[in-house]
Amino acid sequence: MKYVCLGYIEPGKFENMSETERNAMLDECFTYDDVLRENGYFTAGEALQSAGTAATLRWKHGKVSVTDGPYAETKEQLGGILVLEARDLNHAIQLISKHPGVKAGPWEIRPAADLTGMVRESEQRRAKAKRQTS
């Protein structure tokens, strides 16, 4: 059975950390991700770009309405995640606009963040720290 875990952080918290604090937090997160992978628990994961890059789709008056941002009603609950390969945000909106689920509630569409560089830098820092303690 798979579980989707949505991680939240206070707005501005990451951005207001010093570089040393950010790197330490990222290193801890990526280290734990490595442990989960090694034990067969980590199936897939994506970081999301900021909420300001999102689009929300709703079914209104017999058609799809698109709003900028993640503006879900508080009574609504996240029902699932669908990962698409699309050319751009407009293409993703077109694809989801045709999904029958849009009639049941809003969908938030947000580009995935590329963490490749941060992971690589973290791996280098952790390897260096390991060499220094060995």
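Residues numbered from 1 in each chain as written. Predicted model: local features only at pLDDT ≥ 70, side-chain atom pairs only at ≥ 80, totals over all residues. Heavy atoms only, no water.

Draft legend 1. View of the pattern of salt bridges. All told, the structure shown has four salt bridges when counted by the stated rule. A salt bridge links Arg 125 to Asp 27; the shortest N-O distance between them is 2.8 Å. Of this pair, Arg 125 sits in helix H3 (residues 116-133) while Asp 27 sits in helix H1 (residues 19-38); the two residues are 98 residues apart in sequence, bridging distant segments of the chain. The salt bridge involving Arg 110 is made with Glu 108; its shortest N-O contact spans 2.4 Å. With a relative accessible area of 38%, Glu 108 lands in the partly exposed category. Look at the salt bridges and you will find they share partners, linking Asp 34, Arg 37 and Arg 126 into a network. (Salt bridge = Lys/Arg side-chain N within 4 Å of Asp/Glu carboxyl O. Helix = DSSP H or I, 4+ residues; strand = E, 2+ residues; numbered from the N terminus. Buried < 20%, exposed > 50% of the residue type's maximum accessible area, 1.4 Å probe, protein only.)

Draft legend 2. Summary view of unusual backbone geometry. Even without a glycine there, the phi angle at His 61 is positive, about 55°. Examined against the element boundaries, His 61 turns out to sit in the loop between strand E2 (55-60) and strand E3 (63-68). The exposure class assigned to His 61 is exposed, which follows from its relative accessible area of 83%.

Draft legend 3. A look at the confidence of the model for the protein chain. When the pLDDT values of the protein chain are averaged, the result is 81; 84% of them are 70 or greater. For the protein chain, strand E1 (residues 47-48) is the element with the lowest average pLDDT, namely 75, and H3 is the one with the highest, namely 94. (pLDDT = per-residue confidence, 0-100.)

Draft legend 4. Just helix H2 (residues 89-97), in detail. Looking at H2, one finds that the buried residues are His 91, Ala 92, Ile 93 and Ile 96. In this fold, the buried residues of H2 make contact with E2, E3 and strand E4 (107-109). Two to three positions downstream of the cap, the backbone nitrogen of Asn 90 sits 3.2 Å from a side-chain oxygen, assigning the N-cap of H2 to Asp 88. (Contact = heavy atoms within 4.5 Å. Polar contact = N/O pair within 3.5 Å; in protein donor to acceptor, adjacent residues only side chain to side chain.)

Draft legend 5. Region of interest: the sheet that holds E3. Taken together, three strands build an open sheet; the order of strands is E3-E2-E4 and the sheet is antiparallel. One side of each edge strand has no neighbouring strand; the edge strands of this open sheet are E3 and E4. Going across the sheet, the axis of each strand differs from the next one's by a mean of 30°, ignoring polarity. (Pairing = 2+ DSSP bridges. Axes fitted to C-alpha atoms, helices over the stretch in contact; angles between N-to-C directions.)

Draft legend 6. Up close: the packing of aromatic side chains. Per the stated rule, a full pass over the model turns up zero aromatic pairs. Here the guanidinium or amino end of Arg 37 rests over the ring plane of Phe 42, the centre of that ring lying 4.2 Å away. (Phe/Tyr/Trp six-rings, centres within 6.5 Å; stacked < 30°, edge-to-face > 60°. Lys NZ or Arg CZ within 6 Å of the ring centre and 35° of its normal.)

Draft legend 7. Quick peek at a nonpolar patch on the surface. On the surface, Leu 82, Leu 84 and Leu 95 cluster together to form a nonpolar patch covering roughly 230 Å² of accessible area. Residue position: Leu 82 is located in the loop between E3 and H2. (Patch = residues over 30% accessible without salt bridge, like charges linked within 9 Å, V, L, I, M, F, W, Y side chains within 5 Å. Areas by Shrake-Rupley, 256 points an atom, 1.4 Å probe, with all protein chains shown as cover.)

Draft legend 8. Molecular detail of the environment of Glu 21. In this fold, Glu 21 is placed in helix H1. Polar contacts involving the side chain of Glu 21 include one to the main-chain amide nitrogen of Ser 18, which spans 2.8 Å.

Draft legend 9. View of the environment of Leu 82. Given the relative accessible area of 44%, Leu 82 is considered partly exposed. Leave out the neighbours within four places in its chain, and Leu 82 touches Ile 96, His 99 and Trp 107.

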